[in-house]
Structure formats: structure tokens, C-alpha cells
Amino acid sequence: MSALPERVAIIANDPISGEGAAAYLRGTPRYAVMAPSEVPRADVLLVIVPEVREKTLADLARIRRTALVADVRAVLVADRIEKAELGRLGGFGLSAVLYRGSATREKILEALAARAPAAEPEDVRATRLTNEFHTSEGEARYPRGFLDRHRLQSREVEILGLLADGFGTVEIADRMAYSERTIKNIISTLLVRFDLRNRSHAVAYALRTGII
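A brief structural summary.

## Describing the packing of aromatic side chains
Enumeration according to the criterion identifies two aromatic pairs in this entry. Residues Tyr 99 and Phe 133 carry aromatic rings whose centres are separated by 5.8 Å and whose planes lie at 80° to one another, so their mutual orientation is edge-to-face. Pair noted here: Tyr 99 is in strand S5 (residues 94-99) and Phe 133 is in helix H5 (residues 122-141), with a separation of 34 residues, a long-range link. We note that Tyr 99, like Phe 133, is buried. Ring centres of Phe 194 and Tyr 205 lie 5.1 Å apart, and the angle between their planes is 35°; this geometry places the pair in the tilted category. Of this pair, Phe 194 sits in the loop between helix H9 (180-193) and helix H10 (199-209) while Tyr 205 is found in helix H10, placing the two residues 11 residues apart along the sequence. Directly above the ring of Phe 167 sits Arg 175, whose terminal nitrogen or CZ lies 4.9 Å from the centroid.

Next up, the structure:
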């Protein structure tokens, strides 16, 4: 006997996003899209928002209070997200997060299938999800051919962009959920690789070559 499909409730702040996600899932035997009146029966919530606001958290709290599935989990698709917000969302069963610009059908299906490790500490989960989001965002902003052409990884491009915006090492480490030592090592590697004198020279080089 084949397994029953998982029930997915789509929570979107606009009908286009909601209908688009529903179209991705229709015809996929593993998932069944729930009608609005059936949200309490969902196994997983697919939340699509530009950014997480208090209303997003309030809606999730209300849905989980009325949920008929004890371990209902959530997948977030957003344009921007901060690590602190991901930490708060961990209490709502958040298992995966995607940057909306790279949320293809395949990536959404993969995210819906994700499970958070058992007994994962909240700070560890927030760091893991932050890294997942940055990777997803980098894939959308910096296509593989672009990065290969400049021999850069997406995180290196992001660091150069943050340097150009005036952020210091500690601030960059916090935003990207890396250690300060890791950020310093990445910057040092960039300086050596491109024969650059200092961070200002690195930013100027990135701007001149179109990397940022």
C-alpha cells in the first residue's frame, strides 16, 4: 500500500505567491495542498513572506494552537531574514528556509522533505538555517558561471559587499553566522589571491570588476 501524501498548508501574504506554490505542488503524489478551512490538519506549513513580521509570528502561533498534528513543522520562503528571527521561528517547528529568488519547484520540494535534527539546540538551529538561507540567496544573486569566472564563492562575494557597506569584521561575522576568525581568514585569502593591499583595495577591485 502506498503512503498517504503529506498535507501542506500554504501561508502567503499575497495570492500570486500562494497560487504559484500550490501549482508547484499539484500533481506531486507526495504532497496534498490543503484548503484554508483544512489548515489545522496540515503536516507541514509552507510560509511565503517578504520578511518575518510580528503578524507572521502571530499567525504561526495561532495555527499551531489549533493544529491537529502534534509535530507540524514549517518551511519559510522569504526575501530577507535575520538570525534572531530564525531563532524565534525555531519554536514554531521551522525545519528549512529558502531565499524566495531561488525557490524553484525542486528546492521547495526538497525543503518540505527536510527534518530538523532531533533535540537540536535553538542557537544551533538558528545558525544552520541562517547558513542555508545565505547559500540559497547566493545561488540566486551569483549564478555559478559568474562565480566561476571570478573564482569566488558566494560567501566571499557577500563579505565583499558587506565591507563595501561599511560593516566591520565582527558585524559581518554576526550577520553571516560565522566566527570572526573565519571572516578574517576569508578576507586575508582574498587579498592574497588577487594581490590586493588592504580591505579598501579589495572593495575597489570588486566594484571595478563588477563582482558587487
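## What to know about the layout of surface pockets
Estimated volume of the second largest pocket: approximately 350 Å³. Every residue lining the second largest pocket is counted, 18 residues in all, and those nearest its centre are Ile 11, Ala 12, Lys 55, Thr 56 and Asp 59. Of all the secondary structure elements, the ones that give two or more residues to the lining of the second largest pocket are strand S1 (6-12), strand S3 (44-49) and helix H2 (54-66). A per-element tally of the lining of the second largest pocket places H2 first, with seven residues. Among the residues making up the lining of the second largest pocket, the classes are represented as 10 nonpolar, three polar and five charged.

## With respect to unusual backbone geometry
Outside of glycine, negative phi angles account for most residues, and trans bonds account for most peptide bonds. A positive phi angle, close to 60°, is found at Ala 177, a residue other than glycine. Topologically, Ala 177 is positioned in the loop between helix H8 (169-176) and H9. Look at Ala 177 and you get buried, because its relative accessible area is 14%. A positive phi angle, close to 55°, is found at Asp 195, a residue other than glycine. Owing to a relative accessible area of 68%, Asp 195 belongs among the exposed residues under this scheme.

## Structural notes on empty space enclosed by the protein
Counting across every chain of the model gives one cavity of 30 Å³ or more. One number sums up the size of the largest cavity: a volume of about 40 Å³. Lining of the largest cavity is provided by Leu 152, Leu 160, Leu 190, Phe 194, Leu 196, Ala 202, Tyr 205 and Ile 211. In terms of residue class, the lining of the largest cavity is made up of eight nonpolar, no polar and no charged.

## Considerations on the sheet that holds strand S4 (residues 73-78)
Taken together, the five strands give an open sheet; going across it, the order is S2-S1-S3-S4-S5, and neighbouring strands pair in parallel fashion. Two strands bound the open sheet, and with one partner strand each, they are strand S2 (31-33) and S5. Across the sheet, the mean angle separating the axes of adjacent strands is 25° when strand polarity is ignored. Here S1 runs beside S2; their pairing, made up of three bridges, is parallel. The residue bridging Val 8 from the neighbouring strand is Val 33, located in S2. On top of the sheet, helix H1 (residues 15-25) reaches S1, S2 and S3; it is set at about 160° to S1, its chief contact. Along the sheet, H2 makes contact with S1 and S3, crossing S3 at roughly 165°.

## Section: the nonpolar core
By size, the foremost hydrophobic cluster in this structure holds 25 residues, and its most contacted members are Leu 45, Leu 76, Ile 81, Leu 86, Leu 89 and Leu 94. With residues up to four places along the chain from it excluded, the contact list for Ile 81 reads Val 52, Leu 76, Leu 86, Leu 89 and Phe 133. The next biggest cluster of nonpolar side chains, apart from the first, holds 20 residues, and it includes Leu 162, Leu 163, Ile 183 and Leu 190.

Criteria and cut-off values
- Residues numbered from 1 in each chain as written.
- Predicted model: local features only at pLDDT ≥ 70, side-chain atom pairs only at ≥ 80, totals over all residues.
- Heavy atoms only, no water.
- Phe/Tyr/Trp six-rings, centres within 6.5 Å; stacked < 30°, edge-to-face > 60°.
- Helix = DSSP H or I, 4+ residues; strand = E, 2+ residues; numbered from the N terminus.
- Buried < 20%, exposed > 50% of the residue type's maximum accessible area, 1.4 Å probe, protein only.
- Lys NZ or Arg CZ within 6 Å of the ring centre and 35° of its normal.
- 1 Å grid on protein atoms, 1.4 Å probe; cavity = no way out; pocket = protein on both sides within 12 Å on 5 of 7 lines; lining within 4 Å.
- Points joined across faces, edges and corners; volume = space filled by probe spheres on them.
- Nonpolar A, V, L, I, M, F, W, Y, C, P; charged D, E, K, R; others polar.
- Pairing = 2+ DSSP bridges.
- Axes fitted to C-alpha atoms, helices over the stretch in contact; angles between N-to-C directions.
- Contact = heavy atoms within 4.5 Å.
- Core = buried A, V, L, I, M, F, W, Y, C linked by side-chain atoms within 4.5 Å.

Keep in mind these numbers describe shape, not what the thing actually does.
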